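# Residue-level structure breakdown
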Amino acid sequence: MTLNNTHDDWWKQAVVYQVYPRSFRDANGDGLGDIAGVTAQMGYLKKLGVDAVWLSPFYPSELADGGYDVIDYRNVDPRLGTLDDFDAMLEAAHTAGLKVIVDIVPNHTSNLHPWFQAALAAAPGSAERDRYIFRHGEGEHGELPPNNWQSLFGGPAWEPVGGGEWYLHLFTKEQPDLNWKDQDVHDDFKRTLRFWSDRGVDGFRIDVAHGLAKDLDSRPLKELERWSVGGDQSHDGTHPLWDRPEVHDIYREWNAVFNEYDPPRFAVGEAWIVPEHQHLYASKDELGQVFNFEFAKADWFADEFRTAIVEGLASADEAKSTTTWVMSNHDVCRHASRYGLPQVRTNGYHVLANDWLLRSGTTYPEDCELGARRARAAILMELGLPGSVYVYEGEELGLPEVATIPWDHLEDPVAFNTDHGDAQKGRDGCRVPLPWVAADRPRPADWDPRFGTGASFGFSSAPADGSVPADPHLPQPLWYADYAADAEDADDTSMLNLYRRALHWRQDHLTPTGDLSLAWLGDDVLDPGESDVIAYARPAVDGDRFACIVNFGPSPVELPHGDIVLRSTAFDGYSLPVDAAVWMRI
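The name given to the protein chain in an unreviewed UniProt entry is Alpha-amylase, and the organism recorded there is Bifidobacterium choerinum. Per UniProt, the protein chain has the following entry under Sequence similarities (unreviewed entry): "Belongs to the glycosyl hydrolase 13 family."

Written as structure tokens, this is what we have:
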């Protein structure tokens, strides 16, 4: 067990590894990752040096949205295993000294959830329908949607059910939004939190944490059309759908449930909100932590990362908590590719990356070598910061985005529901199953020579009956062999071994101090005017002063005198190359 995990507030400085279960490891050869696959790789995760494992949804689901359309919040999808498998995985994690976090999806259920099926069978105005958001449509007979809102995944946000009645779904039509004004909803989710906590789960990641409370009644729905579903983040709490003040009442209820346990459970919120509201969700009376997505939004510009760091630390200080640092997850293009694309300032985030994906990687040149170099520098910048770090599966291998998945093999509903100016290819490129064994190389497939079939780079084990494993649920490119875990394990210079060294050094030299302060290095250490450099210092054990220096600029930077303990790339002397980072004692 890491020293950090011996503390009740372990999550404040934890390194958390996100597992997307369907793409992590397949233990039974059906082409779909499963709970037993996570158990099988627990030794890998322990050796990596993380504190905790976060599992994206593994609940029964029709996979309309990659498992985020939940049919039963207190069970395991039969394709991924059983509750016994989950308990075995949990025991293996705890034996390895790792904590376990599970995803909670409280904004919506699956349309196959028993509650929604009961709502469809019940009359308008019934208690069953009150658990969701039903409204009568416009037009003489309610034949038109209640207003013109478009869902985040494309198409109308209202779905008809007959009799002039419609239900709201901010995501796919298979994900009806819950009505958090209904007491049944409150009570059932508290039961879910207790169910997993009683089994030994250590914490929760809250999906769409800013979306639960909605105000669709104080004004006519047609009047609410001036707020779009995917519109600007609200600074004043007036948006009818997002980041409303009433959402904090829900999390104060949940906090009371967390405190029923010893040690108390915690949660981290996925809340795409303005930075000045992060502290509300992360307070000790609510979830405890919230994702700092400003860090994940940043392109390869020093000022964008510096702003994200400053705002993240300020929000954490206001919440009396710690911030989180994250570069990639299951919803965004992998950062090794983002950093390897042309860096152009835009009004939105990941604009070039999304356009590049939409056109299957043909719009802009991807410099994989440059992206990897920057990703190596970025992980040193991230792991040196105070707070928690969330690592997405495969980023420790340096995996780029798979931009070339043929459209007829995609799974993400975003690809099929968006069009015209809002068209997106979706998130499948970051969800391709991981490569574990380089020699388990697929043979080229007839339909696309860039992909293979018949093997899976060790992702799938042979079925118990000795038959050939099924192809992975998303196709793996043949260049995955270069990123396989066993190949990187044997290469001392690989991304995997850089992650291991950095994680263990952090565990041994930074985390034990308990000191969350950070000081920016100024002209007394670096040459004046180095605006393209991020340089900060923190206390380390034994009274040492730790420094992280990252060079975003066009030319090398002279380093201060000190002991270099880790380099993102090889170099001699004290001249830090472009797109590189170092850890030092100064």
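## With respect to the overall build of the protein chain
A tally of regular secondary structure across the protein chain gives 16 helices and 20 strands. Against the 2.2 N^0.38 benchmark of 25 Å for 586 residues, the protein chain shows a C-alpha radius of gyration of 24 Å, consistent with a compact globule. For the protein chain, the spread of C-alpha atoms along the three principal axes comes to 75 × 55 × 50 Å. The contacts in the protein chain between residues at least 6 apart in sequence include a share of 68% that link residues at least 24 apart. As presented, the protein chain carries roughly 21600 Å² of accessible surface, and 50% of it is formed by carbon and sulfur atoms. The distance from the centre of the 49 positive side-chain charges to the centre of the 95 negative ones in the protein chain is 2 Å.

## Focus on the side chain of Ser126
Within the element layout of this structure, Ser126 appears in the loop between helix 4 (114-121) and helix 5 (127-130). Within the structure, Ser126 has its side chain in polar contact with the backbone oxygen of Ala123 (distance 2.8 Å).

## Quick notes on the packing of helix 3 (residues 83-95) against helix 6 (residues 183-199)
Direction vectors running N to C along helix 3 and helix 6 enclose 55°, while the axes themselves pass 10 Å from each other. In this view, helix 3 runs oblique relative to helix 6, as classed from their interaxial angle. Within the contact between the two elements, helix 3 uses Leu83, Phe86, Asp87 and Leu90 and helix 6 uses Phe195, Trp196 and Arg199. Looking at side-chain class alone, the contact of helix 3 with helix 6 contains 5 nonpolar, no polar and 2 charged residues.

## Some points on the sheet that holds strand 16 (residues 545-551)
Strand order in this open sheet of 5 strands is 14-15-16-20-18, and the pairing throughout is antiparallel. The open sheet terminates on both sides in strands that have one partner only, identified here as strand 14 (519-520) and strand 18 (563-567). In this fold helix 13 (residues 368-383) packs onto strand 15 (533-539), strand 16, strand 18 and strand 20 (580-585), with an angle of close to 35° to the strand it touches most, strand 20.

## Section: the sheet that holds strand 5 (residues 158-162)
Read from one edge of the open sheet, 3 strands run 4-6-5, paired in antiparallel fashion. Edge positions in the sheet fall to strand 4 (134-136) and strand 5, since each has one partner strand and no second. Taken pair by pair, the neighbouring strands of this sheet meet at an average axis angle of 35°, ignoring direction. Bridge count between strand 4 and strand 6 (residues 165-168): 3 bridges; the pairing is antiparallel. For His136, the partnering residue across the bridge sits in strand 6 and is Glu165.

## Some remarks on the state of the cysteines
Taken as a whole, this structure holds 0 disulfides when the rule is applied. Here Cys368 stays unpaired: no disulfide links it, and the sulfur of Cys333, its closest cysteine neighbor, is 11 Å away. For Cys368, a relative accessible area of 36% gives the class partly exposed. Considering cysteine sulfurs only, Cys333 is the nearest to Cys430, which forms no disulfide, with 7.7 Å between them.

## Some details on the pattern of salt bridges
Here the idea is simple: oppositely charged side chains can pair when their charged atoms come close. The tally for this structure, following the rule as stated, stands at 35 salt bridges. Across the pair Lys47 and Asp489 runs a salt bridge, and its minimum N-O distance is 3.2 Å. Here the residue Lys47 occupies a position in helix 2 (residues 42-48), and Asp489 occupies one in helix 15 (residues 485-489), the gap between them amounting to 442 residues. According to the relative accessible area criterion, Lys47 is partly exposed, its value standing at 45%. Given the relative accessible area of 36%, Asp489 is considered partly exposed. Between Asp207 and Arg205 there is a salt bridge; the shortest N-O distance is 3.0 Å.

## Side note on the pairing of strand 5
Relative to strand 6, strand 5 runs antiparallel, the two being bridged by 4 bridges. Residue pairing for strand 6: Glu159 is matched across the bridge by Tyr167.

## So, unusual backbone geometry
In the segment running from Asp262 into Pro263, the intervening peptide bond is cis, with an omega of 0°. At Phe457, a position not held by glycine, the phi torsion is positive, near 50°. Here Phe457 shows up in the loop between strand 13 (452-453) and helix 15. On the basis of relative accessibility, which here comes to 0%, the residue Phe457 falls in the buried class. The phi angle at Asp579 is positive, at roughly 55°, despite the residue not being glycine. Note on placement: Asp579 falls in the loop between strand 19 (575-576) and strand 20. Using a relative accessible area of 6% as the deciding quantity, one classes Asp579 as buried.

## Describing the packing of helix 13 against helix 16 (residues 495-510)
Helix packing geometry: the angle between the two helix axes and the distance between the axes. Contact pair helix 13 / helix 16: the axes reach a minimum separation of 10 Å and the direction vectors enclose 10°. Compared by their axis directions, helix 13 and helix 16 come out roughly parallel. For helix 13 against helix 16, the interelement crossing comes out right-handed. Contact with helix 13, carried on its side by Ala372, Ala375, Arg376, Ile379, Leu380, Glu382 and Leu383, involves Met495, Leu498, Tyr499, Ala502, Leu503, Arg506 and Leu510 of helix 16 and no other residues of that element. Within the contact of helix 13 with helix 16, the residues separate by chemical class into 11 nonpolar, no polar and 3 charged.

About the cut-offs
Counting restarts for each chain: residues are numbered from 1 in the order of the written sequence. Only residues with pLDDT of at least 70 get local features here, since the model is predicted, and only at 80 or more are side-chain atom pairs given and counted; chain-wide, interface and lining totals rely on the full set of residues. Each side-chain value is derived from all of the structure's non-hydrogen atoms; neither hydrogens nor water enter the calculation. UniProt positions are given in the numbering used here, feature names are shortened, and annotations may be inferred rather than shown by experiment. Per the convention used, a helix needs a DSSP run of H or I reaching at least four residues, while a strand needs a run of E reaching at least two, with both numbered from the N terminus. In this description the radius of gyration comes from C-alpha coordinates, and the expected globular size is given by 2.2 Å times residues to the power 0.38. Throughout, a contact is declared for two residues whenever any of their heavy atoms are within 4.5 Å. Using the Shrake-Rupley algorithm and a 1.4 Å probe, accessible areas are obtained, with residue cover drawn only from the displayed protein chains. Charged-residue counts in this description rest on Lys and Arg as positive and Asp and Glu as negative, His and the chain ends being excluded. Each charge is placed at NZ for Lys, CZ for Arg, CG for Asp and CD for Glu. Whenever a nitrogen or oxygen atom comes within 3.5 Å of another N or O atom, the pair is scored as a polar contact, on the condition that within protein one atom can donate a hydrogen and the other can accept it, and that pairs from neighbouring residues in sequence are kept only if both atoms are in side chains. Axes, fitted as lines to C-alpha atoms, cover a helix only where it is in contact. Angles between the N-to-C directions of the axes lie from 0 to 180 degrees. In these notes the angle categories are as follows: under 35 degrees is roughly parallel, over 145 is roughly antiparallel, 65 to 115 is roughly perpendicular, and the rest is oblique. For this classification, the nonpolar set comprises Ala, Val, Leu, Ile, Met, Phe, Trp, Tyr, Cys and Pro, the charged set comprises Asp, Glu, Lys and Arg, and every other residue, Gly included, is treated as polar. For two strands to pair, DSSP has to find at least two bridges joining them. Note on terminology: disulfide denotes any pair of cysteine sulfur atoms within 2.5 Å. For the exposure calls, accessible area comes from a 1.4 Å probe over protein chains only, and a residue counts as buried if that area is under 20% of its type's maximum, exposed if over 50%, partly exposed in between. We define a salt bridge as a contact between a side-chain nitrogen of Lys or Arg and a carboxyl oxygen of Asp or Glu at a distance within 4 Å. Two helices that cross are described as forming a left-handed crossing if the nearer one is turned anticlockwise from the farther one by less than a right angle, and a right-handed crossing if clockwise.

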